[in-house]
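# Residue-level structure breakdown
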Amino acid sequence: MSQALTPPRVRRWPPVLPVVAVVALLALPLTPGAEGGAGPADAVSALVVLYCAIRLVRDRRRPLTRTSAVLLGLPVLGLAVAAAGAASPGAGLGGMGRYLQVFVLVPAAVLLLIRGRGDFRLLAWSFVGLALWQGAIGAHQYATGTGASYRGEEIRAVGTFGAGDVMGMATVVSLGLVCALGLAMGRTSVRQRAVAAGCAVALLLPLALSFSRGAWIATAVTCLAQLLLAGMRRALTVGAVVAAAAVILVGGFGVGTAMLQERIDSITRVADAPDQSVTDRYTMWAAAIGMWREQPLAGVGLKGFPEHRDAHASLALSSGSDTEGAGAGFRRQPLLSPHNMYLLVLAEQGLIGLLALAGSWLALLVCALRGLVRVRRDGPGLDCALIACGLLTWQLTDFAYADIGGPSTVLTAVSFGLVAWWALVGGGAVRTGTEHPVPERAERVAAR
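A quick note: this is a predicted structure, and the numbers were derived from the prediction, not measured. Once a new chain begins, its residue numbering starts again from 1 and follows that chain's sequence as written. Local features are withheld for residues below a pLDDT of 70 in this predicted model, meaning they are given only at 70 or higher, and side-chain atom pairs are given and counted only at 80 or more; totals for whole chains, interfaces and linings count all residues. To obtain the side-chain values, all non-hydrogen atoms of the structure were used and water was disregarded.

Each helix is a run of H or I in the DSSP string that is no shorter than four residues. Each strand is a run of E no shorter than two, and both are numbered from the N terminus. The number of helices and strands found in the protein chain is 19 helices and four strands. Each residue is placed in one exposure class: buried if its accessible area under a 1.4 Å probe, protein chains only, is under 20% of its type's maximum, exposed if it is over 50%, and partly exposed if it falls in between. Within the protein chain, buried positions represent 52% of all 448 residues. For the protein chain, the exposed surface amounts to about 20,000 Å²; the carbon and sulfur share of it is 65%. For the area figures, the Shrake-Rupley method with a 1.4 Å probe applies, and any residue is considered shielded solely by the protein chains shown.

Among soluble globular proteins, nonpolar side chains are generally buried collectively. Ranked by internal contacts, the top residues of the largest apolar core, which has 116 residues, are Tyr99, Phe103, Phe120, Leu123, Met341 and Trp422. At 16 residues, helix 16 (residues 341–378) tops the list of elements feeding residues into this core. Should any heavy atoms of two residues lie within 4.5 Å, those residues are counted as being in contact. Beyond its immediate chain neighbours, meaning those up to four positions away, Leu123 contacts Val16, Val19, Val20, Val110, Ile114, Val414 and Leu418. Nonpolar core, defined: a set of buried Ala, Val, Leu, Ile, Met, Phe, Trp, Tyr and Cys residues in which side-chain atoms within 4.5 Å join the residues together.

Take the confidence of the model for the protein chain next. Each residue carries a pLDDT score, the predictor's own confidence in it, on a scale running from 0 to 100. Across the protein chain, the average pLDDT comes to 83, with 81% of residues at 70 or higher. The spread of mean pLDDT over the elements of the protein chain runs between helix 19 (residues 438–447), the lowest at 39, and helix 2 (residues 17–25), the highest at 96. Note that pLDDT drops below 50 for residues 1–10; the model gives that stretch zero contacts with residues more than four away or on any other chain. The low-confidence segment residues 437–448 (pLDDT under 50) makes 12 contacts with residues lying over four places distant or belonging to another chain.

Although it is not a glycine, Phe211 adopts a positive phi angle of roughly 55°. As for its position among the elements, Phe211 is in the loop between helix 10 (204–209) and helix 11 (213–230). In this structure, His339 takes a positive phi of about 55° despite not being glycine. As for its position among the elements, His339 is in the loop between strand 4 (328–333) and helix 16. In this structure His339 comes out as partly exposed when scored by relative accessible area, which is 27%.

Before going further, it helps to spend a moment on the packing of aromatic side chains. Pairing of aromatic rings covers Phe, Tyr and the six-membered ring of Trp, with a centre-to-centre limit of 6.5 Å; geometry is then stacked below 30 degrees between planes, edge-to-face above 60, and tilted otherwise. A complete count under the given rule lists 11 aromatic pairs for this structure. Their ring planes at 80° and their centres at 5.5 Å tell us that Phe103 and Phe416 sit as a pair that is edge-to-face. Highlighted residues: Phe103 in helix 6 (residues 89–113) and Phe416 in helix 18 (residues 409–432), separated in sequence by 313 residues. Comparing Phe103 with Phe416 shows no difference in burial state: the two are buried. Aromatic pair Phe120 and Trp421: ring centres 5.6 Å apart, planes at 40°, arrangement tilted. Taken together, the positions of Phe120 in helix 7 (residues 117–144) and Trp421 in helix 18 put the pair 301 residues apart, joining distant regions of the chain. Neither Phe120 nor Trp421 differs from the other in exposure class; each is buried. Of the aromatic side chains, those joined through ring pairs into one cluster are Tyr99, Phe103, Tyr342, Trp361, Phe399 and Phe416.

Expected helix span is computed as 1.5 Å times (number of residues minus one). The end-to-end C-alpha distance of helix 9 (residues 190–202), which contains 13 residues, comes to 18 Å, matching closely the 18 Å that a straight helix rising 1.5 Å per residue would cover. Burial in helix 9 covers these residues: Ala196, Cys199 and Ala200. The arc that holds the buried residues of helix 9, viewed along the axis, is 100°, so those residues lie on one side. Relative to its buried face, helix 9 has exposed residues pointing more than 90 degrees away, namely Val190 and Arg191. Where helix 9 is buried, its residues touch helix 7, helix 8 (166–184) and helix 10. Here, the arc refers to the directions that run from the helix axis to the C-beta atoms.

Note that side chains of opposite charge can pair when their charged atoms are close. Counted as salt bridges are all cases of a side-chain nitrogen of Lys or Arg within 4 Å of a carboxyl oxygen of Asp or Glu. Counted according to the given criterion, the structure contains five salt bridges. Put simply, Asp119 and Arg115 hold a salt bridge, and the shortest N to O gap is 3.1 Å. On the basis of relative accessible area, Asp119 is assigned to the buried category, the value being 6%. Of the charged contacts in the structure, one is a salt bridge between Asp310 and Arg309, with a shortest N-O distance of 3.0 Å. Assessed through its relative accessible area of 13%, Arg309 is described here as buried.

A surface patch of nonpolar side chains, about 520 Å² in accessible area, is lined by Leu77, Val81, Leu297, Leu351, Ile352 and Leu355. At the level of elements, helix 5 (75–84) and helix 16 are the ones that each hand at least two residues to the nonpolar patch. Broken down by element, the residue count for the nonpolar patch peaks at three residues, all from helix 16. Among the secondary structure elements, Leu297 is positioned in the loop between helix 14 (276–294) and helix 15 (305–312). Excluding any residue in a salt bridge, patches collect residues exceeding 30% relative accessible area, merging like charges within 9 Å and nonpolar Val, Leu, Ile, Met, Phe, Trp and Tyr side chains within 5 Å.

Here we take up the side chain of Thr160. Looking at the element boundaries, Thr160 is found in the loop between strand 2 (153–156) and helix 8. Since its relative accessible area comes to 14%, Thr160 is described here as buried. Any pair of nitrogen or oxygen atoms within 3.5 Å is treated as a polar contact; in protein, a donor-acceptor pairing is required on top of that, and neighbouring residues in sequence qualify only through side-chain atoms on both sides. Engagement of the side chain of Thr160 in a polar contact is seen with the backbone oxygen of Leu28, the distance being 3.5 Å. One polar contact links Thr160 to Gln134, side chain to side chain, over a distance of 2.8 Å. Setting aside residues no more than four positions away along its own chain, Thr160 makes contact with Leu26, Ala27, Leu28, Pro29, Leu30, Trp133, Gln134 and Ile137.

This is the structure:
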């Protein structure tokens, strides 16, 4: 009788939904003049970290295992040293806060809020949804001539990020394509895999129209790695579909054929006949190396690259890049970073910072690959493994051509959170038989 009168248990909302909200906020258009600064998604990501901390205090849970704490907290060592050597306390604190947000706090919060593979897939699908939205806007910009300026024509697809952040849409679409490809090669339902494959094919067009050589290279490397890691049979099947779709879109319909061919050819001419953007990049890379040689261990301090750039750059460096279109007027955008994450860290944080940060990334990659080997042999979750390994591979490749900055950077933070969950929790669940960390299991037992 008492059981009959007991109301049914209300199903809890997934705790990962606030993270989905962070991803969804990147679909909003930027306000004029907001390019490069913190946006609504960054503010909500801070609230997600606070929400995670409140849950930990309320539930009296141990936040992270020892391994997780070491790997995620390793970058703090280099950041503390570089912040102490910054030109001003404000610059040191500001730079340290940004690095902690992207590589420590948000990834740790995402790791703790994901309860299992279902939550992981929910976040992956949110990446795909955002990529489709931004890609659709970008394709419309190309078709209607309302995008960012490229070769004198306003045809470059930039989505809602505007001409001041031409890499924003390319990053979003690339990460969405990586997630869609991983979902398509998993062992879930045929319907889900078919939808994911269709999304991956659809995202090829806006990625091409972004005219972003760095995103093209990183996506090609990552997709090839995902196909090889999934197994030869899946690699041949999915690879054939994607290649056929690319031929149809670009060759059959003639989507931007001439300009795309010219942009692709320019990748092979970066050494022989580089354009001004490539020359600027090489010059800033040389400047970053010069800063590191002056301060090899600790670097010049956080946010110190712009201040020391002119003292180390050659006369080949232009004063900035021209941006125009997508609803914005002409603007000369200063070059304030080397557009290479590794060299930026080396210049501002020295060998201490680079070894700490890159060491954390490589350790996560090793753990993620170990989890993928287990799941290919023993159990479910292949799609999660391919997504995690793919996201990290894309970031590590793209960091050779770009660095953090702009509203899309918060998506990088969420990506590292997904990678951290698979590498430190989900990848070991195949062997232990559980998807949850030990504190989560204790919480469920106590709730019974």
